[in-house]
Amino acid sequence: MKRLPRSMSALLATMVSLAWFLSGCGPGPGAPAGGTASAPETPREYAVTGVVRRVEPERRSVVVKHEEIPGFMPAMTMPFDVKDAKELSGLKAGDRIAFRMLVTTNDGWIDTVRVVGSDTNTPAADASPVRLTSSVPLLEAGAALPDYTLTNELGKVIRLSDFQGKVLAFTFIFTRCPYPDFCPRMTDLFARAQKALADQADAPKNLKFLSISFDPQNDTPDLLRAYAERYAYDPGQWSLATGAWDQLEPLTGNFGLLFGRDVPPEKMEHNLRTVVVRPSGRIHAILPSNEWAVDDLIREIRAAAATAGDAPTPDRGR
Ligand SMILES: [Cu+2]
């Protein structure tokens, strides 16, 4: 069983700033969004080196195991977009490359890609591809939670809009996650939050926890229920659910969840997102990574509950 690299925790905290990697259709420089009158944003530039793991010409993307980008992000394996597919011609897995990365508020791409050597120590077969959904916006606090349809641990179809009127705290997990600091930790934190709030007389009453599996092939309702029972879940307070990919993919994409695709579960590296939603249906807070404690979650839940008088969010379709 492979342990997640130690650096993973640090990079997860960084993911939130990487909206642009998920927004493949964002405006480039000189093409301000929404007809705003502001001057084109000058992209920030970074010189980057790394090793090609996979070339995806049809997506105008290349997955690179890159070195640290000082001031921007730690070393990791991730996809980079190019504006011009010609940048990718001739590239192959194992090539050591140098390139320029350009970043604006809502876009990012690379150019001037050149091969500077080869690296036979990092075979392409070792790559851990991430799922990348570029067709949905990355949501932040204040945004309306879109509506998605899932199936819960009792086999019942649920919609996220069902929880309007309550505080909803949800996180993403899969039951066969091999990394104790990741999904098992999220589930344990939910179990502890559920218990702590049950013991607090002034705790918000209108509250639901929801653990959403991104491993629908494996996580059947029965398996989700058995898993939840191991954590002494209260079905009235906490649901577990998963769904079809046409729901899960945009839902995870909305929050920048990255996870392995077509990789064995024991190698499925991923990041974490825990989201607290106001009774109005607006996102109250997003807790990235696993570097938060039960009290942090409870504080956000209480603050979200305090907004209960806010008007419901209209137009939650997508
Ligand atoms: Cu996990």
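Residues numbered from 1 in each chain as written. Predicted model: local features only at pLDDT ≥ 70, side-chain atom pairs only at ≥ 80, totals over all residues.

Draft legend 1. Representation of the overall build of the protein. Counting its secondary structure elements, the protein contains six helices and twelve strands. Counting all 318 residues of the protein, 36% fall into the buried class. In the protein, 71% of the contacts between residues at least 6 apart in sequence involve partners at least 24 apart. (Helix = DSSP H or I, 4+ residues; strand = E, 2+ residues; numbered from the N terminus. Buried ≥ 20, exposed ≤ 12 C-beta atoms within 10 Å, placed from the backbone. Contact = placed C-beta atoms within 7 Å.)

Draft legend 2. Spatial organisation of the pairing of strand S11 (residues 273-277). Of all five residues making up S11, five are buried, and the element is well covered by its neighbours. Residues Arg273, Val275 and Val277 point to one face of S11 and Thr274 and Val276 to the other, with burial holding for every one of them. Strand direction decides the pairing type here: strand S8 (residues 167-173) and S11, joined by four bridges, are antiparallel. Bridge assignment links Leu168 to a residue of S11, and that residue is Val277. (Pairing = 2+ DSSP bridges.)

Draft legend 3. Highlighting the sheet that holds strand S9 (residues 207-213). Taken together, the seven strands give an open sheet; going across it, the order is S7-S6-S10-S9-S8-S11-S12, and neighbouring strands pair in mixed fashion. Of all the strands in the sheet, just strand S7 (157-159) and strand S12 (283-288) have a single pairing partner and so form its edges. Each adjacent strand pair in this sheet contributes to an overall mean axis angle of 30°, direction not counted. Strand direction decides the pairing type here: S11 and S12, joined by five bridges, are antiparallel. Of the residues in S12, the one forming a bridge with Arg273 is Pro288. Running at roughly 145° to strand S10 (residues 238-242), helix H4 (residues 221-230) makes contact with strand S6 (149-152), S9 and S10 of the sheet. Strands S8, S9, S11 and S12 of the sheet are contacted by helix H6 (residues 294-305), whose axis makes an angle of about 170° with S12. (Axes fitted to C-alpha atoms, helices over the stretch in contact; angles between N-to-C directions.)

Draft legend 4. Spatial organisation of the confidence of the model for the protein. Considering every residue of the protein, the mean pLDDT works out to 81; 79% of them sit at 70 or more. Throughout residues 1-37 the model reports pLDDT below 50, and contacts reaching past four residues in sequence, or to other chains, amount to 71 contacts. Taken together, the stretch residues 123-129 has pLDDT below 50 and engages in 19 contacts with residues farther than four places along the chain or on a different chain. (pLDDT = per-residue confidence, 0-100.)

Draft legend 5. Just the packing of helix H3 (residues 183-198) against H6, in detail. Packing of H3 against H6 leaves a shortest axis separation of 9 Å and a crossing angle of 60°. By the angle between their axes, H3 is oblique relative to H6. The two elements H3 and H6 cross, and the hand of that crossing is right-handed. From H3, Leu189, Arg192, Ala193, Ala196 and Leu197 reach across to H6, where they touch Val294, Leu297 and Ile298. Of the residues that constitute the contact of H3 with H6, the class distribution is seven nonpolar, no polar and one charged. (Parallel < 35°, antiparallel > 145°, perpendicular 65-115°, else oblique. Left-handed = near helix turned anticlockwise from the far one by under 90°. Nonpolar A, V, L, I, M, F, W, Y, C, P; charged D, E, K, R; others polar.)

Draft legend 6. Local environment of the sheet that holds strand S5 (residues 108-118). Read across the sheet, five strands follow the order S3-S2-S1-S4-S5 without closing on themselves; strand pairing throughout is antiparallel. Among the strands making up the open sheet, the edge pair consists of strand S3 (76-81) and S5. Along the sheet, successive strands turn relative to each other by an average axial angle of 40°, direction set aside. In this sheet, strand S4 (residues 95-103) lies alongside strand S1 (residues 44-56) in antiparallel orientation, the contact comprising eight bridges.

Draft legend 7. Looking closely at H3. Compared with the 22 Å implied by 1.5 Å per residue over 16 residues, the 22 Å span of H3 between its first and last C-alpha is a close match. Every buried residue belonging to H3 is among Cys183, Met186, Thr187, Leu189, Phe190, Ala193, Gln194 and Leu197, and all of these are buried. All buried residues of H3 lie within an arc of 160° about the axis, which places them on one face of the element. (Expected span 1.5 Å × (residues − 1). Arc of directions from axis to C-beta.)

Draft legend 8. Inspection of the nonpolar core at higher detail. In this structure, Val167, Ala169, Val276 and Val277 are the most contacted members of the largest nonpolar core, which totals 48 residues. Leave out the neighbours within four places in its chain, and Ala169 touches Phe209, Val276, Leu297 and Ile301. In terms of nonpolar packing, the next biggest core, distinct from the first, is built from 18 residues, Val52, Val63, Ile97 and Ile110 among them. (Core = buried A, V, L, I, M, F, W, Y, C linked by C-beta atoms within 7 Å.)

Draft legend 9. Spatial organisation of the environment of Arg278. The residue Arg278 is located in the loop between S11 and S12 in this model. Between the C-alpha atom of Arg278 and that of Ile301, which follows or precedes it by 23 residues, the distance is 8.3 Å. Apart from residues no more than four positions distant in its own chain, Arg278 is found in contact with Val167, His284, Ala304, Thr307 and Asp310.

Draft legend 10. Region of the structure containing helix H5 (residues 245-254). All of the buried residues in H5 are Gln247, Leu248, Leu251, Thr252, Gly253 and Asn254. A positive backbone phi angle near 70° is found at Gly256, which sits one or two residues after H5.

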